[in-house]
Amino acid sequence: WAAWRALARGVARVLGPRRTPELLAAYGPLSLITLFAVWAALLVAGFGLLHWAIAQGAPPPADGSGRPSLGTALYFSGVTFLTLGYGDVTAQTAAGKLVSVIEAGTGFGFVAVVIGYLPTLYQLFSQREAQVLRLDARAG
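Residues numbered from 1 in each chain as written. Predicted model: local features only at pLDDT ≥ 70, side-chain atom pairs only at ≥ 80, totals over all residues. Heavy atoms only, no water.

## Comments concerning helix 4 (residues 70–81)
The terminal C-alpha atoms of helix 4 lie 16 Å apart, and with twelve residues this matches the ideal 16 Å at 1.5 Å per residue to within 8%. For helix 4, the set of buried residues is Ala73, Phe76, Ser77, Gly78, Val79, Thr80 and Phe81. Those residues of helix 4 hidden inside the fold are in contact with helix 3 (27–57) and helix 5 (94–139). Thr83 lies just past helix 4 and shows a positive phi near 50°. (Helix = DSSP H or I, 4+ residues; strand = E, 2+ residues; numbered from the N terminus. Expected span 1.5 Å × (residues − 1). Buried < 20%, exposed > 50% of the residue type's maximum accessible area, 1.4 Å probe, protein only. Contact = heavy atoms within 4.5 Å.)

## Looking at the packing of aromatic side chains
Under the defined criterion, the tally for this structure stands at five aromatic pairs. Between Phe36 and Phe110, the ring centres sit 6.5 Å apart and the planes meet at 85°, which makes this aromatic pair edge-to-face. Taken together, the residues span a long stretch of sequence, with Phe36 in helix 3 and Phe110 in helix 5 at a distance of 74 residues. A relative accessible area of 10% means that Phe36 is categorised as buried. Residue Phe110 is classed as buried on the basis of its relative accessible area of 18%. Residues Phe81 and Phe110 carry aromatic rings whose centres are separated by 5.8 Å and whose planes lie at 45° to one another, so their mutual orientation is tilted. (Phe/Tyr/Trp six-rings, centres within 6.5 Å; stacked < 30°, edge-to-face > 60°.)

## With respect to helix 3
Taking 1.5 Å per residue, 31 residues should reach 45 Å; helix 3 reaches 44 Å between its end C-alpha atoms and fits that length. When we look at burial in helix 3, the residues that qualify are Gly28, Leu32, Phe36, Ala40, Val44, Phe47, Gly48, His51 and Ala55. Where helix 3 is buried, its residues touch helix 2 (20–25), helix 4 and helix 5.

## Section: the nonpolar core
Counting eight residues, the largest nonpolar core consists of Leu32, Phe36, Ala40, Val44, Phe81, Phe110, Val114 and Leu121. Elements represented by at least two residues in this core include exactly helix 3 and helix 5. Excluding residues within four positions of it along the chain, Phe81 makes contact with Ala40, Leu43, Val44, Glu103, Thr106, Gly107, Phe108 and Phe110. (Core = buried A, V, L, I, M, F, W, Y, C linked by side-chain atoms within 4.5 Å.)

## Comments concerning the layout of surface pockets
The space that makes up the second largest pocket amounts to roughly 290 Å³. Of all the secondary-structure elements, those providing two or more residues to the lining of the second largest pocket are helix 2 and helix 5. Among the elements that make up the lining of the second largest pocket, the one with the highest residue count is helix 5 (five residues). For the lining of the second largest pocket, the per-class residue count stands at seven nonpolar, no polar and five charged. (1 Å grid on protein atoms, 1.4 Å probe; cavity = no way out; pocket = protein on both sides within 12 Å on 5 of 7 lines; lining within 4 Å. Points joined across faces, edges and corners; volume = space filled by probe spheres on them. Nonpolar A, V, L, I, M, F, W, Y, C, P; charged D, E, K, R; others polar.)

## Considering a nonpolar patch on the surface
Side chains of Tyr75, Leu82, Leu84, Tyr86, Val111 and Ile115 sit close together on the surface and give an oily, nonpolar patch of about 600 Å² of accessible area. The topology assignment puts Tyr86 in the loop between helix 4 and helix 5. Taking relative accessible area as the criterion, Tyr86 reaches 56% and is therefore assigned exposed. (Patch = residues over 30% accessible without salt bridge, like charges linked within 9 Å, V, L, I, M, F, W, Y side chains within 5 Å. Areas by Shrake-Rupley, 256 points an atom, 1.4 Å probe, with all protein chains shown as cover. Salt bridge = Lys/Arg side-chain N within 4 Å of Asp/Glu carboxyl O.)

Below, the structure is given as C-alpha cells:
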C-alpha cells in the first residue's frame, strides 16, 4: 500500500491531483488479483516440490529416462494444477499419481472459487465506489 500511495503521489505531481483517486481505487481489485496469482503460484510450487520429492525417493524408471528434474516437476505441477493434462510428463509411482489427482482437484476447485468469487467482489467494489462518489458530491 505504501508503494502504491507513493506512485499515486507521483502521478498527482505529473498529471494533477484529479487522477489520484482513480489510481488509489484500482489498488483493491489489482491487489486481489495479484493475491490469487500468488496463491496459485505457491500451490503449484508446493505440489511441484512434492512431485519432485516423490520422484527422488522412487527407484529409477526401467526405460532409463532417469528421474525428473525440479523444473520438470514444477512444469508437471503447473499442467496438473491447471488441469491441462498434456501427457508428456506423468507420475510413475502410486504416491505420485495420488498427489496428481489431489492437485488436479485442488486446481479445479481453486479456479471455480475464483470464478465464483470475483463477481461478488466486483459488486462490493462497485457499491463502495458509488458511496465514495456520493461523499465526494456532498463535499463539493
